Amino acid sequence: MTKAIDFSVGYASRRAPMIGQNAVATSQPLAAQAGMRMLQQGGNAVDAAIAAAMALTVVEPTGCGIGSDAFAIVWDGKELHGLNASGRSPASWHADLFAGLDAVPEIGWDAVTVPGAVSGWVALAERFGTLPLTTLAQPAIEYARNGFPVSPLIGHLWQRGYDKLKDQPGFSECFAPEGRAPKIGEIFRNPAQARTLELIAETNGEAFYRGELAQKIAAFAKQHGAHLSEADLANHEANWVSLLSRDFAGGSVQELPPNGQGIATLIALGILEQCDIGRYDPDSVQSLHLSIEAMKLALADLDRYIADEDHLEFAADLLLSDSYLKTRAALIDPDKASDFVYGSPTQSGTVYLSTADASGMMVSFIQSNFMGFGSGVVVPETGISLQNRGCGFVLDPKHPNALAGSKRPFHTIIPGFAMGADGKPLMSFGVMGGPMQAQGHMQMALRIMQHGQNPQAAIDAPRWRVVRGREVIVESTFSHNVIAALRDRGHQITVEDPQAGYNFGGAQVIYRMPEGQYVAATESRKDGQALVS
């Protein structure tokens, strides 16, 4: 049975867990307030999630934009629903498009795929929302038109993005109108984005995919010789999907199916169950060693097999069978770090937010441009910054994730959800941050579900991230003795200050207690906020 959470456990933090009947947790305080505003106006958790997501495109443009992709998991009070609102490549893309290159470009128009986030907002609102989209968009519109103060971490990331992308089409005109990145605390206004959000809300997204905004996006693409067309935008649709699940620690963890990397979390957790991971303290050398090795095995499979679900070589759930996971777990040396390759199952990479309301509805939602501002391309006079998800494809024509037209690329962003043994929701959770996401999901599930740490403690606890081979980055808040012991086992350890780098992601968690109230927690390494009422 999943352990009850322990509020006596804690790590050094700027945050405290919040408890209430309604909850919103996001990576930026103004977005959290936008979500709570909807709950106070009589909306539900889905309304709050959409309002927060729209606001984040304004106040955290370093992680997402109107040109993002999005994914969601919704508990409607009775059952779970998965939403894949990621876009596909332009139909005219083909295998030889980047011949001679080692990889798809990371910036510029050659990295741009169809943006899906707007379709995600609309799909969620139509199926579960109670307030009009025009109401949900209002906080975001106000922040864009009237301005907002740039928060500390976002200010640092804005400068980094400007240094990298200032020469990309439309970037500086939108995000550096004074010829520089805005300073921390400076009021930034984006009136063009305000007008775009109004159009999206008033037309229920039609203007973005089949109207005025679609025409502007396609015309700008054509001006720069890019492939994205009005037809590509018009043909886009978000899809409701069935979830992948893996039992763990008396409950279960739920992830969206490919093209996302959530399955790596489930593979790693399944391997750890074979290793009887619950025997070890979560901060012990043995727990960390086994967790790192399990994640390395999962990432090897992820890299080899995961792509657009329509292009997989076999059903994804074959990677989650007990028999396969036992063979993978058997490869782990309990005393030594190893290098792993993918297995062979028998065939028979952002902003994350979470919301919950007093009716029992819970939402796990994520959207991202990827690599900060994404491609760096911003459509003039619209505030639409376009993602660079095209670089998620590989150029090996034999790989299931090979570049092709009208195909979804491999995706890093994943929302997570967990259920209790009683079949009731346990928590909505996520850890944004590219390749950290599946690894962060595993670490959150292990600490909260297996060891009963309260959500804020689990977020504040030291994190690690597998890089490649035996390379692992760990936070300096780990014990020096633990770091030395991991090195003795052959792990190639790099130590980083959690506040200095961006290698450890950003988490939000909303945990449902047995009596029905929620514990909300937010990332202490970022600018976020958890609100309750």
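Reading the values: the criteria
- Residues numbered from 1 in each chain as written.
- Predicted model: local features only at pLDDT ≥ 70, side-chain atom pairs only at ≥ 80, totals over all residues.
- Heavy atoms only, no water.
- Helix = DSSP H or I, 4+ residues; strand = E, 2+ residues; numbered from the N terminus.
- Domains from an automatic or database assignment.
- Contact = heavy atoms within 4.5 Å.
- Buried area = accessible area lost by both parts, 1.4 Å probe.
- Salt bridge = Lys/Arg side-chain N within 4 Å of Asp/Glu carboxyl O.
- Polar contact = N/O pair within 3.5 Å; in protein donor to acceptor, adjacent residues only side chain to side chain.
- Phe/Tyr/Trp six-rings, centres within 6.5 Å; stacked < 30°, edge-to-face > 60°.
- Buried < 20%, exposed > 50% of the residue type's maximum accessible area, 1.4 Å probe, protein only.
- Lys NZ or Arg CZ within 6 Å of the ring centre and 35° of its normal.

- If you check an unreviewed UniProt entry, the protein chain appears there as Gamma-glutamyltransferase from Kosakonia cowanii JCM 10956 = DSM 18146.

**Structural notes on unusual backbone geometry**
Thought 1: Its identity is not glycine, yet phenylalanine 370 carries a phi of approximately 80 degrees, on the positive side.
Thought 2: For phenylalanine 370, the location among the structural elements is in the loop between strand E11 (362-368) and strand E12 (378-379).
Thought 3: Of note, serine 406 is a non-glycine position whose phi angle comes to about 55 degrees, a positive value.
Thought 4: Structurally, the position occupied by serine 406 is in the loop between strand E13 (384-385) and strand E14 (416-419).

**Quick word on the domain arrangement of the protein chain**
Thought 1: According to the domain assignment, the protein chain contains domain 1 (31-240 + 372-392) and domain 2 (242-347 + 414-532).
Thought 2: Averaged C-alpha coordinates put domain 1 and domain 2 at centres separated by 28 Å.
Thought 3: Residue-level contacts link 19 residues of domain 1 with 18 residues of domain 2.
Thought 4: Buried surface at the junction of domain 1 and domain 2, both sides included, amounts to about 1600 Å², of which 70% is carbon and sulfur.
Thought 5: Together, Ile73, Trp75 and Leu153 form the three largest contributors to the area buried by domain 1 at its contact with domain 2, with a combined 36%.
Thought 6: Across the domain 1-domain 2 interface, the total number found is zero salt bridges.
Thought 7: At the boundary of domain 1 with domain 2, the tally comes to six residue pairs in polar contact (both at pLDDT 80 or more).
Thought 8: Of all the elements in the fold, those that place two or more residues in the side of domain 1 that touches domain 2 are helix H1 (29-40), strand E3 (69-75), strand E4 (80-85) and helix H6 (152-165).
Thought 9: Broken down by element, the residue count for the side of domain 1 that touches domain 2 peaks at six residues, all from H6.

**Describing the packing of aromatic side chains**
Thought 1: Across all of its chains, the model carries twelve aromatic pairs by this definition.
Thought 2: Ring geometry for tryptophan 93 and phenylalanine 98: centres 5.9 Å apart, planes at 85 degrees, overall edge-to-face. You'll find tryptophan 93 and phenylalanine 98 in the same group, each marked buried.
Thought 3: Every member of this aromatic cluster is reached through a ring pair, and the members are Phe148, Trp158, Phe171, Phe175, Phe188 and Phe373.
Thought 4: Arginine 127 extends its terminal NZ or CZ atom over the ring of tryptophan 240, reaching a point 4.6 Å from the ring centre.

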